[in-house]
Amino acid sequence: MKLEDIKVIGVVGAGVMGHGIAQVAARTGYEVVMVDVSEEVLKKAMELIESGPFGLKRLVEKGKMTEDEAKAVMERIKTSTSLDALKDADFIIEAVTENANLKKKIFAELDRICKPETIIASNTSAIMISDLATAVERKDKFIGMHWFNPAPVMKLIEIVRGALTSDETFNLTVELSKKMGKIPIEAGDGPGFFTTRFINSWLVEAIRLFELGIGGIKEIDEMCKLAFGFPMGPFELMDLIGLDTVLHIAEYMYEETKESHYAAPITLKKLVLSGYIGRKPGSRGGWYDFYGIEK
């Protein structure tokens, strides 16, 4: 398959990452089929694409696209609650929750449904691609394509080959990323790849320093921003990412490596078990809310 052969891009998962990826693909000119488990989730995703913080209306207001162009982007996105809707997709990007068993179940179904030449990419931020590829027969056409939040804004895409990913699949994924205005960089296939292993180590260490009384939550955030020029501190970032996601990654990293510095701190587990998972639907709040800290 060549880049010009890609006409339809499928996106599995319409959450924080999925709807942003769909928006980028449709804005690039691709027909997009976005799939999720419920019509309610899909409706919310379409609303965010149109009117969210990084949505098309904002781009129109900033003069970066016309209303007609925004309307055309919306019309290029179709939605469905069935994976069968992806049978004609040329390139599929999975963006569901970081659960290896769930992802593998979806990949096995896609492997059955899709055309033999269809490439399947996972947006996983931590799970090894060689592991996820065990769910499909087309291991040569399976690859990691790790986007960053918010997808319409962030430039980096971390490209990860599985042990059996072909050069053709890798090169095509790189070309597609560039066409969508992104900067693809290859990372090796290990737990957390580069970016997640690096950032989760920073986040977990910030929690441990808080637990030791070295700094308060707000103080650590402020020091990181002032000293290192970061736009957000570690606790603010965890609230954005989701504390449950940070916990899951920490547990996965520790399970795979058995290195103690990746293990999840008790305080993180306590908050997640108590329903404080950050800025997500159904959450009681995040770090600042749990400890009653004013921002």
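Because the structure is predicted, anything quoted here is derived from the model rather than measured.

Student: For a nonpolar patch on the surface, give the residues involved together with the corresponding values.
Tutor: On the surface, Phe54, Val153 and Met154 cluster together to form a nonpolar patch covering roughly 260 Å² of accessible area. Counting through the fold element by element, Met154 comes out in the loop between β6 (142-146) and β7 (156-161). Assessed through its relative accessible area of 36%, Met154 is described here as partly exposed.

Student: Kindly report on the nonpolar core, identifying the contributing residues and their values.
Tutor: Core analysis: the biggest nonpolar cluster contains 41 residues, and Ile9, Met34, Phe91, Met145, Trp147 and Leu176 have the highest contact counts within it. Counting residues per element, this core draws most heavily on helix α1 (residues 16-28), at six residues. In terms of nonpolar packing, the next biggest core, distinct from the first, is built from 28 residues, Val12, Val35, Ile120 and Ile249 among them.

Student: Before we move on, could you go through the packing of helix α8 (residues 195-211) against helix α11 (residues 243-257) and cite the residues and values that matter?
Tutor: Put simply, α8 and α11 touch, their axes get as near as 10 Å, and they point 110° apart. What the angle tells us is that α8 and α11 run roughly perpendicular. The two elements α8 and α11 cross, and the hand of that crossing is left-handed. In contact with Thr196, Arg197, Asn200, Leu203 and Val204 of α8, α11 contributes Val246, Ile249, Ala250, Met253 and Thr257. Of the residues contributing to the contact of α8 with α11, the split by class is six nonpolar, three polar and one charged.

Student: Residues and numbers for the side chain of Asn123, please.
Tutor: Checked against the element boundaries, Asn123 lands in the loop between β5 (119-122) and α6 (129-132). For Asn123, a relative accessible area of 9% puts it in the buried group. Here the side chain of Asn123 touches Trp147 through a polar contact of 2.7 Å, landing on its backbone nitrogen. Not counting chain neighbours up to four residues away, the residues in contact with Asn123 comprise Met17, Ile21, Ile93, Glu94, Ala95, Met145, His146 and Trp147.

Student: Please provide a residue-by-residue account of the sheet that holds strand β2 (residues 31-35), values included.
Tutor: Ordered by their spatial adjacency, eight strands build an open sheet running β3-β2-β1-β4-β5-β6-β7-β8, and the pairing between neighbours is mixed. Whereas interior strands pair on both sides, the edge strands pair on one side only; in this sheet they are β3 (77-80) and β8 (183-187). Neighbour-to-neighbour, the strand axes of the sheet open up by a mean angle of 25°, direction not taken into account.

Reading the values: the criteria
- Residues numbered from 1 in each chain as written.
- Predicted model: local features only at pLDDT ≥ 70, side-chain atom pairs only at ≥ 80, totals over all residues.
- Heavy atoms only, no water.
- Patch = residues over 30% accessible without salt bridge, like charges linked within 9 Å, V, L, I, M, F, W, Y side chains within 5 Å.
- Areas by Shrake-Rupley, 256 points an atom, 1.4 Å probe, with all protein chains shown as cover.
- Salt bridge = Lys/Arg side-chain N within 4 Å of Asp/Glu carboxyl O.
- Helix = DSSP H or I, 4+ residues; strand = E, 2+ residues; numbered from the N terminus.
- Buried < 20%, exposed > 50% of the residue type's maximum accessible area, 1.4 Å probe, protein only.
- Core = buried A, V, L, I, M, F, W, Y, C linked by side-chain atoms within 4.5 Å.
- Axes fitted to C-alpha atoms, helices over the stretch in contact; angles between N-to-C directions.
- Parallel < 35°, antiparallel > 145°, perpendicular 65-115°, else oblique.
- Left-handed = near helix turned anticlockwise from the far one by under 90°.
- Contact = heavy atoms within 4.5 Å.
- Nonpolar A, V, L, I, M, F, W, Y, C, P; charged D, E, K, R; others polar.
- Polar contact = N/O pair within 3.5 Å; in protein donor to acceptor, adjacent residues only side chain to side chain.
- Pairing = 2+ DSSP bridges.

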